[in-house]
Amino acid sequence: FCLSRGLGDVYKRQIGYIANKDETVYVCVYSVGGGSNTESYTLDYTITTNFSDSSEPNENAKEAIDLSMNEMGANVSAKLNSPLDNDWYRFIVKEGDSYDKVRLNISSSSTTNGCKIEIYKNLVSDYYAMLRVGYGTGGEVALDAGTYYIRVVSTNTVDDFNAGDIPTYKSVSYTHLRAHE
């Protein structure tokens, strides 16, 4: 699983993985796309052995929920149960589709815990090599043909997340804008 933000960016990312059985998991950190292999980095990780959350089927890109994008858009409502929780959704922009931009909006029901959208394009067809092409709480992004992933994440850290005010992102909507004909 590869995530890329581009040159010069500091990259802080949490990635969740739930194993179906006992297994060895390897983590590889490498530089791509003009990055430097001499830059220092810090890799923090945690392992939880008693994690059980059946309400989290879309915790990573491999388990992303498919969105059916059309003129009406796609609406999603779910919860972020912790500052490390992230929810993934997938949609495809086909060559020749009748739109040239996608509008993304998200809002949180919480007064203390926020959320944001990150949108990634998968650069390969047989694995996950992701390039972030947009992020924030709303706006428009131009997309060419390809498979895209939307990741919903908390704007809070572990230190300032209020567990008593679990956010529901109620109105995540993705509306396609028609191309000029």
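Before reading on, note that the structure itself is shown above.
None of the values given here were measured: they were computed from a predicted structure.

1. Remarks on the overall build of the protein chain
Of the regular secondary structure elements, the protein chain holds zero helices and ten strands. Tracing the protein chain from N to C terminus, the helices and strands come up as β-β-β-β-β-β-β-β-β-β. A separation of at least 24 residues holds for 76% of the contacts in the protein chain among residues at least 6 apart in sequence. Counting only carbon and sulfur atoms, one obtains 48% of the accessible surface of the protein chain, whose full area is about 11800 Å².

2. Observations concerning the nonpolar core
Counting residues in each nonpolar core, the largest one holds 20 residues, and the members touching the most others are Leu67, Phe91, Ile119, Leu143, Ile150, Val152 and Tyr169. For this core, the secondary-structure elements that each account for two or more residues are β3 (74-79), β4 (86-93), β5 (99-105), β6 (115-122) and β9 (146-154). Every residue in contact with Val152, bar those within four places of it in the chain, is listed here: Leu80, Asp85, Asn86, Asp87, Tyr89, Ile106, Cys115, Lys116 and Tyr169. Ala61, Tyr120, Met130 and Tyr149 belong to the second-largest nonpolar core, a separate cluster that totals seven residues.

3. Considering the pairing of β6
Most of β6 is tucked away: seven of the eight residues are buried. Bridging between β6 and β9 involves seven bridges; their strand directions are antiparallel. If you follow Tyr120 over to β9, its bridge partner there is Tyr149. In this sheet, strand β7 (residues 129-136) lies alongside β6 in antiparallel orientation, the contact comprising six bridges. Across the sheet, the residue bridging to Ile117 is Gly136, located in β7. In sequence, β6 turns back onto β7 through a hairpin of six residues.

Quick notes on the rules
Residues numbered from 1 in each chain as written. Predicted model: local features only at pLDDT ≥ 70, side-chain atom pairs only at ≥ 80, totals over all residues. Heavy atoms only, no water. Helix = DSSP H or I, 4+ residues; strand = E, 2+ residues; numbered from the N terminus. Contact = heavy atoms within 4.5 Å. Areas by Shrake-Rupley, 256 points an atom, 1.4 Å probe, with all protein chains shown as cover. Core = buried A, V, L, I, M, F, W, Y, C linked by side-chain atoms within 4.5 Å. Buried < 20%, exposed > 50% of the residue type's maximum accessible area, 1.4 Å probe, protein only. Pairing = 2+ DSSP bridges.

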